[in-house]
Amino acid sequence: AVSYIDCTNTSPLHIQSDDLRIRKQDGSEEMITAVANGTVRLFYDGSEKLTTADYGIKVTGKLGVGVASPTAELEVQGANHTNLRVLSGNSDNIGFFQAVQSADLRIGTSTNTPVKLFVNGVDRVHLDTSGNLNIPNDSGKFQAGASQDLKIYHDGNHSYVENTTGLLILQDTS
């Protein structure tokens, strides 16, 4: 036998309660709970998966946006290029993370602002709006090579090019 509520006219169906609980037919599992001025909780197979609270939404498990079966805590997929945008409070600075289909991964801004990399909350590297790569301190070094055997740096007083293996060749190819 099937039980249902049928509201086929043009009027909406209203359920009024300060503590609404929808449970599995035998009462063994919660499916939805909603408390007035409190949380709303959604369950899957008896496990809480989504909770609303005064701070926003908490998702337990994996969240897929455009993905039916996510394999990571957050997985986002668009129809073509997939974009994740982060906007500042007044929307004058827009950062993005973009996976371009069959091409590359892009991280940057959609506005004329620099990209800065921080490590442990400390400003370490800048890519400015002119395309210059900057190390904004006198202790950082540009290091290249599998063993970081080529180093370019400034100590606050002097500039250095340090090569710890092989030859350092400066060549004019004109």
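Our structure is the block above this text.
Let me begin by describing the structure that accompanies this report. Source: prediction; values computed, not measured.

A closer look at the overall build of the protein
Then, number 1: Helix and strand counts for the protein come out as 0 helices and 16 strands.
Then, number 2: Sorting the 174 residues of the protein into buried and exposed places 10% on the buried side.
Then, number 3: Long-range pairs, those at least 24 residues apart, make up 0% of the contacts in the protein with a sequence separation of at least 6.
Then, number 4: Roughly 13,900 Å² of accessible area belongs to the protein as shown, and the carbon and sulfur atoms make up 50% of that amount.

Quick look at the packing of aromatic side chains
Then, number 1: Enumeration according to the criterion identifies 1 aromatic pair in this entry.
Then, number 2: Summarising the aromatic geometry, the rings of Tyr153 and Tyr160 are spaced 5.0 Å apart at their centres and angled 20 degrees between planes, so their arrangement reads as stacked.
Then, number 3: We note Lys141 situated over the ring of Tyr153; from NZ or CZ to the ring centre the distance is 4.4 Å.

Thoughts on the sheet that holds strand 12 (residues 122–127)
Then, number 1: In spatial order, the strands read 11-12-13; together these 3 strands make up an open sheet with antiparallel pairing. With partners counted over all chains shown, the strands left at the sheet margins are strand 11 (115–119) and strand 13 (133–134), one partner each.

What counts, and where the lines are drawn
- Residues numbered from 1 in each chain as written.
- Predicted model: local features only at pLDDT ≥ 70, side-chain atom pairs only at ≥ 80, totals over all residues.
- Heavy atoms only, no water.
- Helix = DSSP H or I, 4+ residues; strand = E, 2+ residues; numbered from the N terminus.
- Buried < 20%, exposed > 50% of the residue type's maximum accessible area, 1.4 Å probe, protein only.
- Contact = heavy atoms within 4.5 Å.
- Areas by Shrake-Rupley, 256 points an atom, 1.4 Å probe, with all protein chains shown as cover.
- Phe/Tyr/Trp six-rings, centres within 6.5 Å; stacked < 30°, edge-to-face > 60°.
- Lys NZ or Arg CZ within 6 Å of the ring centre and 35° of its normal.
- Pairing = 2+ DSSP bridges.

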